[in-house]
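Listed here are the chains, written in short residue letters.
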Amino acid sequence: MRRRKNKKNPMKTMLFTAPSGAGKTTVVQHLLEEYPDILGFSVSATTREKRPNERGGKDYYFLSKEDFKKKIEAGEFVEWEEVYKDQFYGTLKSEIERLWKKGKVVVFDIDVKGARNIKDFYGDNCLAVFIAPPSFEVLEQRLKKRGTESQISFKKRIARVKKEMEYRDTFDKVLINDFLPETFREAEKIVENFLCLNEEE
Ligand code: ADP
Ligand code: 5GP
């Protein structure tokens, strides 16, 4: 773990996007543990059901569809998407403000369309990283092994993968998630370079 303050990077953001099962959550969790004083996770709002290992306010703000729609109408989201049919996900403006007030670089774990919107909005102040699985078969195996999805949800996710992979080269970096320790090392390098963490004060 590296205990360093974020002095040089006010109002920066980093986003990690990928097809479901490619390893976004794994990589983002590692980076948050590695740079706890620098990075802050943008907790998204969603209408999907909570998984047994998840906590409201930490993994997501779990909202009813009615509440989510009220927030859309009130203009409370920076971006939102119906990622799967009847399952809404979105980034609240208040969440970004909360993290910037604490001096954190905001880290997003977000679907490819939302990621494009965030990247277009923040431009050079945002580094956008696409996490790619080594192959479609490996992604399928990982998603099965994670064991979090019903048969229907699994099929919905797999059906989207091809479309999501088409976005791969529209982001700043592609990180291939094969051997995990290597992925973590590469991800750390990406953070250190973008935030100039190794430069003299
Ligand atoms: P995402 O957030 O993109 O949906 P996850 O981070 O949940 O993906 O990863 C999907 C599953 O694959 C999890 O069970 C995770 O532990 C596993 N996983 C992630 N990266 C690797 C890797 N490099 N090698 C093997 N398993 C991995
Ligand atoms: P999951 O249900 O597996 O947690 O997430 C499903 C998909 O929704 C993932 O691709 C995840 O990155 C994406 N997602 C999570 N939060 C947001 C968000 O705030 N906005 C958008 N557009 N997608 C999100």
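To be clear, the structure that these remarks concern was listed above.
Read on for an overview of the structure.

Conventions used here
- Residues numbered from 1 in each chain as written.
- Chains lettered and ligands numbered in written order.
- Predicted model: local features only at pLDDT ≥ 70, side-chain atom pairs only at ≥ 80, totals over all residues.
- Heavy atoms only, no water.
- Near = heavy atom within 4 Å.
- Polar contact = N/O pair within 3.5 Å; in protein donor to acceptor, adjacent residues only side chain to side chain.
- Areas by Shrake-Rupley, 256 points an atom, 1.4 Å probe, with all protein chains shown as cover.
- Helix = DSSP H or I, 4+ residues; strand = E, 2+ residues; numbered from the N terminus.
- Disulfide = S-S within 2.5 Å.
- Buried < 20%, exposed > 50% of the residue type's maximum accessible area, 1.4 Å probe, protein only.
- Nonpolar A, V, L, I, M, F, W, Y, C, P; charged D, E, K, R; others polar.

Inspection of the region around ligand 1 gives 13 residues, with Gly 21, Thr 25, Thr 26, Arg 146 and Asp 178 positioned closest. Between ligand 1 and Gly 23, the relevant distance is 3.0 Å, taken from an oxygen atom to a main-chain nitrogen or oxygen of the residue. Contacts to ligand 1 include Asn 177, whose side-chain N or O atom sits 2.8 Å from a nitrogen atom. Relative to its free-state accessible area of 560 Å², ligand 1 is covered by the protein chains to the extent of 75%. When residues of the shell around ligand 1 are traced back to their parent elements, those giving at least two are α1 (24–34) and α5 (136–146).

One pass over the structure, following the stated rule, counts zero disulfides. Sulfur of Cys 126: no disulfide; nearest cysteine sulfur belongs to Cys 196 and is 15 Å away. According to the relative accessible area criterion, Cys 126 is buried, its value standing at 1%.

The next point concerns the site of ligand 2. Taken together, 17 residues form the shell around ligand 2, and within it Ser 44, Arg 48, Tyr 60, Glu 79 and Tyr 89 come nearest. With respect to ligand 2, the side chain of Tyr 60 contributes an N or O atom lying 2.5 Å from an oxygen atom. The side chain of Tyr 89 places a nitrogen or oxygen atom 2.5 Å from an oxygen atom of ligand 2. Compared with its free state, where it exposes 510 Å², ligand 2 has 95% of that area covered by protein. Among the elements of the structure, β5 (77–84) and β6 (87–92) are those that each provide at least two residues to the shell around ligand 2. The element that contributes the greatest number of residues to the shell around ligand 2 is β5, accounting for four residues. Residues belonging to the shell around ligand 2 are distributed by class as follows: five nonpolar, four polar and eight charged.

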